[in-house]
Structures are given as structure tokens and as C-alpha cells.
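# A closer look at the structure
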Amino acid sequence: FRQRWALLLGFTLLIFFGASLFMPSLSQAPLPAKNVVAMSNLKQIGVAAQLAAEENNGRLPGTLDELTNGLISGGMLTDPESGKPYAYVAGGVALGDLQSNSVLAYTPSDGKTRAVLLADGSVQTMSEEQFLIASRRIPSPSADSISLAKNMPAPTAAPVAPSVVERDEISRGA
């Protein structure tokens, strides 16, 4: 009788320890899947931005919302992990003036890594340190795009997004 209980107890412990080893991997499984979706979304945003630039004398769209005019759906503009919109920093810049490794858009930070869309259309996962270096290559509008913007009517009730520096200061509480 004791042998049966010992066998049953041993079998139960084996299942318990096996399950406890397996459970952390199950809880982390959705993260890589969401990261793949975010990278896919950024890749499609990059393709749509390049198509829009071809139709706009080489200039990238001013905002991501301008890409939703039949090129991509509005749901693709939001990071699936955080629920926040992607940051788009290349609005109105001439695509031909950018270096291939210039940052066009990126996902919100999870504190460790983020997906980044580059001007050559590639999407890379970068650590915060790598992103800090890459963000120094964030495009700024040329004099031509600034003069074009002055001649355009002002947008109505469009929110103004803070710059990368302002966002970093806000997140640090400065």
C-alpha cells in the first residue's frame, strides 16, 4: 500500500515540477508574436510611405494618418503590444535626401527594445542604446519642405506631437 502512495506522490511531484518549468515559457509566448506583428506593420507602413512619396514628388507623407487613404488600414498604425500609435518622425521629408539608416518610425518603448523602420524600408529590433544612437539620424524637414508648409493652410484641430527630445523629457519627468 505504501509503495502505491510513494509512486503516486512521485508521479505527482514530477508533473508539478515539469509544469512549473514549462509555465514561464507559456506566459512569454505572446510577446514575440506581438513583436512580429509590430515589425510587419512597420514594414507595411514603410512600403506605403515609399509609394506615397513617389506620388508626392519624393516627399514622405506629413503624418501616418495620410497613409490610411487606401494604402493601409488605420489599425496598422497602432502598436499591438502597448496599444499606442507608432511614432512617425519623417513627415514631409524628401525620401531621396535621407540616409538608408535614417529612422522613419518606431514602436513605443517597452523599456528594453523597440522595432524601428528605417529609410531603406528595413525594420530592425533595437535596444534602447542602439535606438538612442539611431535616433540621432532622425530626419528633419529641409528648407524646401518648410517653405512648402508655410504656403499650405494650417490644419484644423490637429494635435501637435512632441519631438523625440520632448518625449524623453516628459517620460523622465523633467
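Everything below is about the structure shown above.
Before going into details, it helps to say that this report is about the structure given with it. None of these values were measured; they are calculated from a predicted model.

### Brief notes about a nonpolar patch on the surface
Side chains of Leu9, Leu13, Phe16 and Phe17 sit close together on the surface and give an oily, nonpolar patch of about 430 Å² of accessible area. Along the chain, leucine 13 falls in helix α1 (residues 2–28). Judged by relative accessible area, leucine 13 falls into the partly exposed class, the value being 41%.

### Quick notes on the side chain of arginine 59
By the element assignment, arginine 59 lies in the loop between α2 (30–55) and β1 (87–88). Given the relative accessible area of 13%, arginine 59 is considered buried. Here glycine 92 takes part through its backbone oxygen, which lies 3.5 Å from a polar atom of the side chain of arginine 59.

### Considering the environment of glycine 96
Note that glycine 96 resides in the loop between β1 and β2 (103–106). Taking the C-alpha atoms as reference points, glycine 96 and alanine 53, separated by 43 residues in sequence, lie 9.6 Å from one another.

### Focus: the pairing of β2
By the bridge criterion, 2 bridges tie β1 to β2 in an arrangement that is antiparallel. Within the sheet, the bridge partner assigned to tyrosine 88 lies in β2 and is alanine 105. Note: β2 against strand β3 (residues 113–118), 3 bridges, orientation antiparallel. If you follow alanine 105 over to β3, its bridge partner there is leucine 117. Two successive antiparallel strands, β2 and β3, enclose a turn made up of 6 residues, where glycine 111 displays a positive phi of approximately 95 degrees.

### Focus: the sheet that holds β2
Pairing is antiparallel across the open sheet formed by 4 strands, whose spatial order is β1-β2-β3-β4. Strands at the two margins of the open sheet, each flanked by one partner only, are β1 and β4 (123–127).

### Description of the pattern of salt bridges
Enumeration over the complete set of coordinates arrives at 1 salt bridge. Between glutamate 128 and arginine 114 there is a salt bridge whose closest N-O contact spans 3.2 Å. With glutamate 128 in helix α3 (residues 128–134) and arginine 114 in strand β3, this residue pair connects regions lying 14 residues apart in the sequence. We classify arginine 114 as buried; its relative accessible area is 10%.

### Things to note about unusual backbone geometry
Although it is not a glycine, asparagine 57 sits at a positive phi angle of roughly 55 degrees. Mapping asparagine 57 onto the fold places it in the loop between α2 and β1. Given a relative accessible area of 77%, asparagine 57 falls into the exposed group.

### Focus on the environment of valine 123
Of note, valine 123 is situated in strand β4. Separated by 80 residues in the primary sequence, valine 123 and lysine 43 have C-alpha atoms spaced 6.2 Å apart. The contact partners of valine 123, leaving out residues within four places of it in the chain, are Met39, Leu42, Lys43, Ala115, Val116 and Leu117.

### Topic: the packing of aromatic side chains
Under the definition given, this model contains 1 aromatic pair. Above the face of the phenylalanine 131 ring, arginine 114 is positioned so that its terminal group lies 4.1 Å from the ring centre.

### Observations regarding the pairing of β3
With 5 of 6 residues buried, β3 lies mostly within the body of the structure. Two strands pair when backbone bridges link them, and β3 and β4 are joined in this way by 5 bridges, in the antiparallel orientation. The residue of β4 that forms the bridge with threonine 113 is serine 127. The turn joining β3 and β4, which pair antiparallel and follow one another in sequence, is formed by 4 residues; a positive phi near 95 degrees is taken by glycine 121.

Thresholds, definitions, all that
Residues numbered from 1 in each chain as written. Predicted model: local features only at pLDDT ≥ 70, side-chain atom pairs only at ≥ 80, totals over all residues. Heavy atoms only, no water. Patch = residues over 30% accessible without salt bridge, like charges linked within 9 Å, V, L, I, M, F, W, Y side chains within 5 Å. Areas by Shrake-Rupley, 256 points an atom, 1.4 Å probe, with all protein chains shown as cover. Salt bridge = Lys/Arg side-chain N within 4 Å of Asp/Glu carboxyl O. Helix = DSSP H or I, 4+ residues; strand = E, 2+ residues; numbered from the N terminus. Buried < 20%, exposed > 50% of the residue type's maximum accessible area, 1.4 Å probe, protein only. Polar contact = N/O pair within 3.5 Å; in protein donor to acceptor, adjacent residues only side chain to side chain. Pairing = 2+ DSSP bridges. Contact = heavy atoms within 4.5 Å. Phe/Tyr/Trp six-rings, centres within 6.5 Å; stacked < 30°, edge-to-face > 60°. Lys NZ or Arg CZ within 6 Å of the ring centre and 35° of its normal.

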